[in-house]
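Descriptive structure summary
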Amino acid sequence: MPFTQLNSKMIEAQVIPGQRLFSQRGAMLAYRGEVSFTPNLTGGQGGVMGMIGRRVANEQTPLMTVEGQGTVMFGHGGHHVHVVQLTGDTLYVEADRLLAFDGTLQQGTMFMGQQGGVMGMVRGQVTGQGLFTTTLAGHGSVAVMAHGGVIELPITPQRAVHVDPQAYVAHRGDVRNKLSTALGWRDMVGRGSGEAFQLELSGHGVVYVQASEEKL
């Protein structure tokens, strides 16, 4: 069920009988047709482990299951919305940045420290970002939210991309991530984010960066 971008802050989704999509609670702006919205207790297809991951990460983002026949308009908090089309690959995205996604996508949870080691854990403790990132894999559409719009930066084997952790929205592709520091430990006392920390993404893929460091 592809999403149609109505403007920079709203999308429209077609709801088809026998198929479903998931949205963040409170994201529905209007709808036409016979459409139902049901609280989802398992967090999409992530199951119990997906719920545990979000609770440990303090990312209890409630989802709604959307079913029926009609069209639904989504938006949330006036945030900019960016649509990503997945064609068999995996998107890694902060749970609270998800606006809506196709129910055909397989949802999971990845521990960021799994790729970044101890420094990946520091990311969550110091910058306020979650240690866990939601994964969405398969064929379908994903709508993510951001402050001030989103830009896609290519990641190539010849050129890694360094992103402020709080400007990070999502990434896809064969990408490794690690947190590095631009300052010494003494210089970082009392600092939360910004240039003191850099999320390094290397490999081959794309990283989605928002225009503001403000958290959702």
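Everything quoted here is computed from the prediction, not taken from an experiment.

1. Structural notes on the pattern of salt bridges
Side chains that carry opposite charge are capable of pairing whenever their charged atoms lie near each other. Applying the stated criterion across every chain yields a total of 2 salt bridges. A salt bridge links Glu12 to Arg32; its shortest N-O distance comes to 2.8 Å. Linking Glu12 in strand E2 (residues 10–15) with Arg32 in strand E4 (residues 28–40), this pair joins segments that are 20 residues apart in sequence. A relative accessible area of 15% means that Glu12 is categorised as buried. For Arg32, a relative accessible area of 48% corresponds to the partly exposed category. Among the ionic pairs, Arg172 bridges to Asp89, the shortest N-O distance being 2.7 Å.

2. A closer look at the environment of Thr87
Here Thr87 lies in strand E6 (residues 80–93). When its relative accessible area of 61% is taken as the criterion, Thr87 is described as exposed. Remark: the alpha-carbon pair of Thr87 and Ser141, spanning 54 residues in sequence, is separated by 9.0 Å. If we ignore the near neighbours within four places in the chain, the residues touching Thr87 are Gly138, His139 and Arg172.

3. Some points on the packing of aromatic side chains
What the rule picks out here adds up to 2 aromatic pairs. Ring centres of Phe22 and Phe101 lie 5.4 Å apart, and the angle between their planes is 35°; this geometry places the pair in the tilted category. Taken together, the residues Phe22 in strand E3 (residues 20–24) and Phe101 in strand E7 (residues 98–102) connect sequence positions 79 residues apart. Like Phe101, Phe22 is buried.

4. Considering the pairing of E2
Pairing between strand E1 (residues 3–7) and E2: 4 bridges, direction antiparallel. For Gln5, the partnering residue across the bridge sits in E2 and is Ile11. In sequence, E1 turns back onto E2 through a hairpin of 2 residues. Inspection of the sheet shows E2 paired to strand E5 (residues 63–74) by 5 bridges, in the antiparallel sense. The residue bridging Ala13 from the neighbouring strand is Val72, located in E5.

5. Re the confidence of the model for the chain
Mean pLDDT over the chain: 79, with 70% of residues reaching 70 or higher. Taking the mean pLDDT of every element in the chain, the minimum, 42, falls on helix H1 (residues 47–56) and the maximum, 96, on E2. Every residue in residues 116–130 scores below 50 in pLDDT, and together they form 40 contacts with partners more than four places removed in sequence or on other chains.

Here is what the cut-offs are and how they apply
Position labels on residues start from 1 in each chain and follow its written sequence. Totals for whole chains, interfaces and linings use every residue, but because this is a predicted model, local features are given only for residues with pLDDT of at least 70 and side-chain atom pairs only at 80 or more, for both listing and counting. Values shown for side chains rest on all heavy atoms present in the structure; no hydrogens or waters enter the calculation. Salt bridges are counted wherever a side-chain nitrogen of Lys or Arg sits within 4 Å of a carboxyl oxygen of Asp or Glu. Secondary structure elements are taken from DSSP: a helix is a run of H or I of four residues or more, a strand is a run of E of two residues or more, and numbering for both begins at the N terminus. Think of it in three bands: with a 1.4 Å probe and only protein chains considered, a residue is buried below 20% of the maximum accessible area for its type, exposed above 50%, and partly exposed in between. Note on contacts: a residue pair is in contact if any heavy atoms of the two residues lie within 4.5 Å. Aromatic pairs are defined between Phe, Tyr and Trp rings, using the six-membered ring for Trp, whenever the two ring centres lie within 6.5 Å; interplanar angles under 30 degrees are classed as stacked, those over 60 as edge-to-face, and all others as tilted. Two strands qualify as a pair provided DSSP detects at least 2 bridges between them. Scored from 0 to 100, pLDDT reflects the predictor's confidence in each residue.

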